[in-house]
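Residues per chain are reported as follows:
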Amino acid sequence: MKSFDFNALTQPTLETKLGDLVLHITTPAERLIEQLAASADDLTALAENGKAVEQARVSYQFIAEIMSCNTEGITITADDLRDKYKVGTYALTAFVVCYMDFINEIHNAKN
């Protein structure tokens, strides 16, 4: 008899530090990965030239949603990133690059 135990799986995580808070960020829903891939250029442009306020607001919200996919069950908001943890646009972009590498490693390991 074959069996499969979801509880036996160890989900890959990206350890991320925000001040004193340590999060273990997991892979998000497929829709978020697709949005991340589609918006990577916009996020890079944001860091390079501090683009429009609206773009920054959307970027912080999007990254907060990704960071909220963590094993600790902690919800992160755009305001948390900006105000509480003082994450600037350069750091936001650096996180996106690192997170995309993390997602790509998982994807490549499956193949």
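In what follows, the structure referred to is the one given above.
Quick caveat, the model's predicted, so the values are computed rather than measured.

1. A short note on the overall build of the protein chain
On a plain count of helices and strands, the protein chain comes out with 4 helices and 2 strands. Per-residue burial over the protein chain gives 35% buried out of 111 residues. Contacts in the protein chain between residues at least 24 apart in sequence constitute 65% of all its contacts with a sequence separation of at least 6. Of the accessible surface of the protein chain, which amounts to about 7,300 Å², a share of 53% is contributed by carbon and sulfur atoms.

2. Topic: the packing of aromatic side chains
This model, assessed by the stated rule, comprises 3 aromatic pairs. Seen from their ring centres, Phe-4 and Phe-6 are 4.9 Å apart, and the 80° between their planes marks the pair as edge-to-face. Taking the relative accessible area as the measure of exposure, Phe-4 reaches 56% and is therefore exposed. For Phe-6, a relative accessible area of 64% corresponds to the exposed category.

3. Some words on the environment of Val-22
Position of Val-22 among the secondary structure elements: in strand β2 (residues 21–25). Residue classification places Val-22 among the partly exposed positions, given a relative accessible area of 32%. Taking the C-alpha atoms as reference points, Val-22 and Asn-70, 48 residues apart in sequence, are found 9.9 Å from one another. Once residues lying within four places of it in the same chain are set aside, the contact partners of Val-22 are Glu-15, Thr-16, Lys-17 and Glu-72.

4. Describing a nonpolar patch on the surface
A cluster of nonpolar side chains, namely Phe-4, Phe-6 and Leu-9, defines an oily patch on the protein surface of about 390 Å² accessible area. In this structure, Phe-6 sits in the segment before β1 (14–18).

5. A closer look at the nonpolar core
By size, the foremost hydrophobic cluster in this structure holds 27 residues, and its most contacted members are Leu-18, Ile-63, Leu-81 and Tyr-99. The set of elements that each furnish at least two residues to this core consists of β1, β2, α1 (30–49), α2 (53–67), α3 (78–84) and α4 (89–110). If one sorts the elements of this core by residue count, α4 sits on top with 8 residues. Contacts of Tyr-99, omitting those with residues within four sequence positions, involve Leu-14, Ile-25, Thr-26, Thr-27, Pro-28, Leu-36 and Ile-66.

Parameters and conventions
- In this convention, every chain numbers its residues from 1, walking through the sequence in written order.
- Confidence filtering applies because this is a predicted model: local features only for residues at pLDDT of at least 70, side-chain atom pairs given and counted only at 80 or more, and all residues used for totals across whole chains, interfaces and linings.
- Derived side-chain values reflect all non-hydrogen atoms in the structure, with water molecules and hydrogen atoms excluded from consideration.
- Each helix corresponds to a stretch of at least 4 residues labelled H or I by DSSP, and each strand to a stretch of at least 2 residues labelled E; elements are numbered beginning at the N terminus.
- Only protein chains enter the calculation, and the probe is 1.4 Å; a residue is then buried if its accessible area is under 20% of its type maximum, exposed if over 50%, and partly exposed in between.
- Every residue pair with non-hydrogen atoms within 4.5 Å of one another is taken to be in contact.
- Where accessible areas are quoted, they stem from the Shrake-Rupley method and a 1.4 Å probe; at the residue level, only the protein chains shown are allowed to cover.
- Any two rings among Phe, Tyr and Trp, with Trp reduced to its six-membered ring, count as a pair given centres within 6.5 Å; such a pair is stacked if its planes are under 30 degrees apart, edge-to-face if over 60, and tilted if neither.
- A patch is a set of surface residues, each over 30% in relative accessible area and not in a salt bridge, joined within 9 Å for like charges and within 5 Å for the nonpolar side chains Val, Leu, Ile, Met, Phe, Trp and Tyr.
- The salt bridge criterion pairs a side-chain nitrogen of Lys or Arg with a carboxyl oxygen of Asp or Glu, the two atoms within 4 Å.
- Throughout, nonpolar core names a set of buried Ala, Val, Leu, Ile, Met, Phe, Trp, Tyr and Cys residues whose side chains join them through atoms within 4.5 Å.

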